[in-house]
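The residues making up each chain are set out below.
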Amino acid sequence: MSSMLSSALRNLPVSSAWAAGAFARSFSCSSQFQAAAQPKTKKTLGKTGVKNVVVVEGVRIPFLQSGTSGLLTRTSVPRDVVDYIVYGTVIQEVKTSNVAREAALGAGFSDKTPAHTVTMACISSNQAMTTGVGMIAAGQCDVVVAGGVELMSDVPIRHSRKMRKTMLTLNRAKTLGQKLSLISKIRPDYFAPELPAVAEFSTSETMGHSDSGAQLCQDEYALRSHSLAKKAQDEGLLQDVVPFKVPGKDTVTKDNGIRPSSLEQMGKLKPAFVKPYGTVTAANSSFLTDGASAMLIMSEEKALAMGYKPKAYLRDFVYVSQDPKDQLLLGPTYATPKVLEKAGLTLSDIDVFEFHEAFAGQILANLKAMDSDWFAQNYMGRKSKVGAPPLDKFNTWGGSLSLGHPFGATGCRLVITAAHRLKKEGGQYGLVAACAAGGQGHAMIVELYPQ
């Protein structure tokens with residue numbers, strides 16, 4: 001897992017001098033978007049007395065279906081200018097519980113550069129980013145590397161509780177007789193492993209049990225995600241993806257979960273969670289994914305002083321939480337109106353929407369709830385609905401259903417995709433939102449940096 005993070009870290013730009021050299025060769029997003037439309041003129045969201053925080057660059061290694069290709073790539077990174085490193089992950093490897101620190105050392109950063117790891121389910125890298133934003137805004141740092149990582153192909157698998165207890169007791173046994181006595185009590189069921197479960201501790205339900213909507217509608221949305229992702233991939237729009245070479249194996253250059261199918265084929269798949277009559281299937285769910293992402297964020301003054309041209313401002317953000325049993329995946333519904341109010345914007349001001357797609361049904365449920373006065377009044381304590389984002393602005397380069405969802409890394413993908421779309425489509429404001437386990441959620445406003 002730490003090597004995956006090191007791969008993403010090494011692909012961040014290192015200094016303005018590299019802009020014409022290695023960086024331009026390996027990650028020249030600006031050249032891809034020279035024909036971008038000019039954004040509409042709107043007010044900027046800068047606040048008096050508050051430091052502007054900007055995204056200088058964001059990269060990710062290709063998101064891969066777990067159990068497929070490995071992950072490694074190498075370039076350079078500015079070791080001497082980074083003040084702090086913070087990363088998100090969900091399923092932690094016990095040997096590298098602070099994976100941010102291990103990855104930083106593996107990537108060649110100075111051992112004097114502090115690093116810590118956060119975990120907040122599917123919004124872990126969102127938390128990493130906003131932690132960096134807070135540190136910069138408070139004047140504690142000027143340059144922060146933030147991101148996330150998940151390795152679903154090699155998750156920690158534990159012995160059963162009975163076996164763990166026996167092994168710990170055996171370790172304390174002093175005589176041969178005591179050890180033999182403990183060993184004699186081991187039974188076959190002790191050897192049954194405990195597999196990690198993507199389930200709610202408080203309710204024992206997995207996200208897939210939040211079954212909602214007709215299967216045909218879910219499949220239609222999932223097909224839309226895969227089709228748009230394939231189109232974006234073919235047109236070279238997914239510029240945050242960095243190829244990497246696995247020693248002794250293939251060079252991986254693109255996400256490998258994008259697979260447009262047909263409604264007929266998708267409809268043949270059996271329910272994955274609620275059986276036999278559930279509507280959530282493998283076709284309309286995000287798949288288990290390996291991946292890592294990294295973003296270089298700075299104070300605007302520092303970025304300009306170093307000769308960088310930022311991509312976007314990171315503006316207002318909110319975190320929300322609600323009942324994990326009945327409203328597990330509705331984080332975007334609760335977070336969207338709050339972040340809009342905080343920024344002084346309305347839904348119509350937003351040019352680009354990037355929402356995390358855990359399941360097609362989750363997206364459809366959020367869109368329905370956001371467009372419901374009844375839900376706003378009875379569940380959210382609001383006078384009226386915020387409204388549903390128009391689909392022509394919504395996840396138009398695909399989403400987690402098609403690109404993949406490495407739990408700890410998706411948030412950075414959402415933000416850098418929003419920044420790239422704003423430049424390509426001539427917009428000014430993007431809204432990023434995501435749900436997370438525990439009934440939590442996040443939303444952030446991204447503002448295009450003036451061209």
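To be clear, the structure that these remarks concern was listed above.
Summary of the structure given here. (Residues numbered from 1 in each chain as written. Predicted model: local features only at pLDDT ≥ 70, side-chain atom pairs only at ≥ 80, totals over all residues. Heavy atoms only, no water.)

**A short note on the nonpolar core**
Counting 39 residues, the largest nonpolar core has Ile297, Leu314, Val415 and Val446 as the members making the most contacts within it. Those residues in contact with Val415 that sit more than four places away from it in its chain are Val55, Met129, Met295, Leu314, Val432, Met444 and Val446. (Core = buried A, V, L, I, M, F, W, Y, C linked by side-chain atoms within 4.5 Å. Buried < 20%, exposed > 50% of the residue type's maximum accessible area, 1.4 Å probe, protein only. Contact = heavy atoms within 4.5 Å.)

**Considering empty space enclosed by the protein**
If you roll a probe as big as a water molecule over the atoms, it shows you where there is empty space left. A full pass over the atoms with the stated rule returns 2 cavities of 30 Å³ or more. When its volume is computed, the second largest cavity comes out at roughly 30 Å³. If you trace the second largest cavity, you find it lined by Gly58, Val59, Arg60, Asp240, Ser293, Ala294, Met295, Cys412, Arg413 and Ile416. Elements represented by at least two residues in the lining of the second largest cavity include exactly β1 (53–60), β8 (289–299) and α15 (410–425). When the residues that make up the lining of the second largest cavity are grouped by side-chain class, the tally is 5 nonpolar, 2 polar and 3 charged. (1 Å grid on protein atoms, 1.4 Å probe; cavity = no way out; pocket = protein on both sides within 12 Å on 5 of 7 lines; lining within 4 Å. Points joined across faces, edges and corners; volume = space filled by probe spheres on them. Helix = DSSP H or I, 4+ residues; strand = E, 2+ residues; numbered from the N terminus. Nonpolar A, V, L, I, M, F, W, Y, C, P; charged D, E, K, R; others polar.)

**As for the packing of aromatic side chains**
On inspection of all chains with the given rule, the structure shows 8 aromatic pairs. Look at Tyr334 and Phe375: their rings are 6.2 Å apart centre to centre, the planes differ by 75 degrees, and that puts the pair in the edge-to-face class. A residue pair is termed long-range when its members are at least 10 positions apart, and Tyr334 in helix α11 (residues 331–343) and Phe375 in helix α13 (residues 373–378) qualify at 41 residues. Residue classification places Phe375 among the buried positions, given a relative accessible area of 10%. Here the aromatic cluster, defined as three or more aromatic residues joined through ring pairs, consists of Tyr334, Trp374, Phe375 and Tyr379. Sitting over the face of the ring of Phe63, Arg60 holds its NZ or CZ atom 4.3 Å from the ring centroid. (Phe/Tyr/Trp six-rings, centres within 6.5 Å; stacked < 30°, edge-to-face > 60°. Lys NZ or Arg CZ within 6 Å of the ring centre and 35° of its normal.)

**Things to note about a nonpolar patch on the surface**
Together, Leu176, Leu180 and Ile183 give the surface a local cluster of nonpolar side chains, amounting to about 310 Å² of exposed area. Summarising the element assignment, Ile183 is placed in helix α7 (residues 176–184). (Patch = residues over 30% accessible without salt bridge, like charges linked within 9 Å, V, L, I, M, F, W, Y side chains within 5 Å. Areas by Shrake-Rupley, 256 points an atom, 1.4 Å probe, with all protein chains shown as cover. Salt bridge = Lys/Arg side-chain N within 4 Å of Asp/Glu carboxyl O.)

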